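# Survey of secondary and tertiary structure
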Amino acid sequence: GAGVSQSPSNKVTEKGKDVELRCDPISGHTALYWYRQRLGQGLEFLIYFQGNSAPDKSGLPSDRFSAERTGESVSTLTIQRTQQEDSAVYLCASSLEAGLGGNEQFFGPGTRLTVL
Amino acid sequence: QKEVEQDPGPLSVPEGAIVSLNCTYSNSAFQYFMWYRQYSRKGPELLMYTYSSGNKEDGRFTAQVDKSSKYISLFIRDSQPSDSATYLCAMTLAGNNRKLIWGLGTSLAVNP
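This structure is a prediction, so every number in the text was calculated from the model and none was measured.

Here we come to the overall build of chain A. Along chain A, the regular secondary structure elements total zero helices and ten strands. Starting at the N terminus and walking to the C terminus, you meet the elements of chain A as β-β-β-β-β-β-β-β-β-β. Taken over C-alpha atoms, the radius of gyration comes to 13 Å for chain A, in line with the 13 Å a tight globule of 116 residues would show. Dimensions of chain A, computed from the C-alpha atoms along their principal axes, are close to 40 × 25 × 25 Å. Burial analysis of chain A (116 residues in total) assigns 50% to the buried set. For chain A, the proportion of contacts with a sequence separation of at least 24, taken over those separated by at least 6, is 56%. Surface summary for chain A: the accessible area is close to 5400 Å², and the carbon and sulfur share equals 46%. On chain A, the mean spot of the 11 positive side-chain charges and the mean spot of the 13 negative ones are 7 Å from each other.

Attention shifts here to the state of the cysteines. Per the counting criterion, the structure on display carries two disulfides over all chains. Between C23 of chain A and C92 of chain A runs a disulfide, and the two sulfur atoms are separated by 1.9 Å. Judged by the torsion about the S-S bond (-65°), the C23 of chain A/C92 of chain A disulfide is left-handed. Of the two residues, C23 of chain A is situated in strand β3 (residues 19-24) and C92 of chain A in strand β8 (residues 88-95); the sequence distance between them amounts to 69 residues. Comparing C23 of chain A with C92 of chain A shows no difference in burial state: the two are buried. The side chain of C23 of chain B participates in a disulfide bridge whose partner is C89 of chain B; the two sulfur atoms lie 2.0 Å from each other. Handedness here is read from the sign of the S-S torsion; for C23 of chain B and C89 of chain B, about -105°, the answer is left-handed. One end of the pair, C23 of chain B, is in strand β3 (residues 19-25); the other, C89 of chain B, is in strand β9 (residues 85-93), and 66 residues separate them in sequence. An identical accessibility class is assigned to C23 of chain B and C89 of chain B; each is buried.

Further remarks concern the sheet that holds strand β8 (residues 71-76) of chain B. All names here are of chain B. In spatial order, the strands read β1-β3-β8-β7-β6; together these five strands make up an open sheet with antiparallel pairing. Of all the strands in the sheet, just β1 (4-5) and β6 (54-58) have a single pairing partner and so form its edges. As defined by bridge partners, β3 adjoins β8 across six bridges and the pair is classed as antiparallel. The residue bridging N22 from the neighbouring strand is S73, located in β8.

Reading the values: rules and limits
Residues numbered from 1 in each chain as written. Chains lettered and ligands numbered in written order. Predicted model: local features only at pLDDT ≥ 70, side-chain atom pairs only at ≥ 80, totals over all residues. Heavy atoms only, no water. Helix = DSSP H or I, 4+ residues; strand = E, 2+ residues; numbered from the N terminus. Rg over C-alpha atoms; globule rule 2.2 N^0.38 Å. Buried < 20%, exposed > 50% of the residue type's maximum accessible area, 1.4 Å probe, protein only. Contact = heavy atoms within 4.5 Å. Areas by Shrake-Rupley, 256 points an atom, 1.4 Å probe, with all protein chains shown as cover. Lys, Arg positive; Asp, Glu negative; His and termini not counted. Charge placed at Lys NZ, Arg CZ, Asp CG, Glu CD. Disulfide = S-S within 2.5 Å. Pairing = 2+ DSSP bridges.

As structure tokens, then:
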């Protein structure tokens, strides 16, 4: 596809359930990022993948959050035992290569997660 | 104190006005400064980026960085209703663009 795609676009779940969010980066982009955007707040870095290197998980807020990426393609963000404070828009971005200052990150439309 | 401070607004201006959006930051090591625009229910898109201090112009948009004051600005000339969006500043250290540090974003409405 032409851009970063994410699915689902909206997800409503009950507290305590697990959810999986999917991101398809732009083909050829080696770097992939997950962010969380809560209402009225800025983007919060969650995790970053670069090629076959070990991911930078330093932004994950708790061990309920995990993410995987298959090679340089699809990534899934999993939230286990969801809590109401997990409600947010989860944004995925990809870029050609990390480590170059100012390298543009291309964002998907996000998944709006609501935990009841 | 947050690393990046940005007034969330909202800011409302008439069409044709000059808009000034600003961010301040605390980490003097930041080297790359970016402005992203985010329309409602869309992901952010990069508008402009600058390295270190100075100005950069692109059409109706001008980005300024003043590292001595730890202050960055985005100016929009001849603002249009289509400029109505949230504008987020972001910055990062040299050689480490993995973690962009973001402002809260300023909501802008340009009224016809």
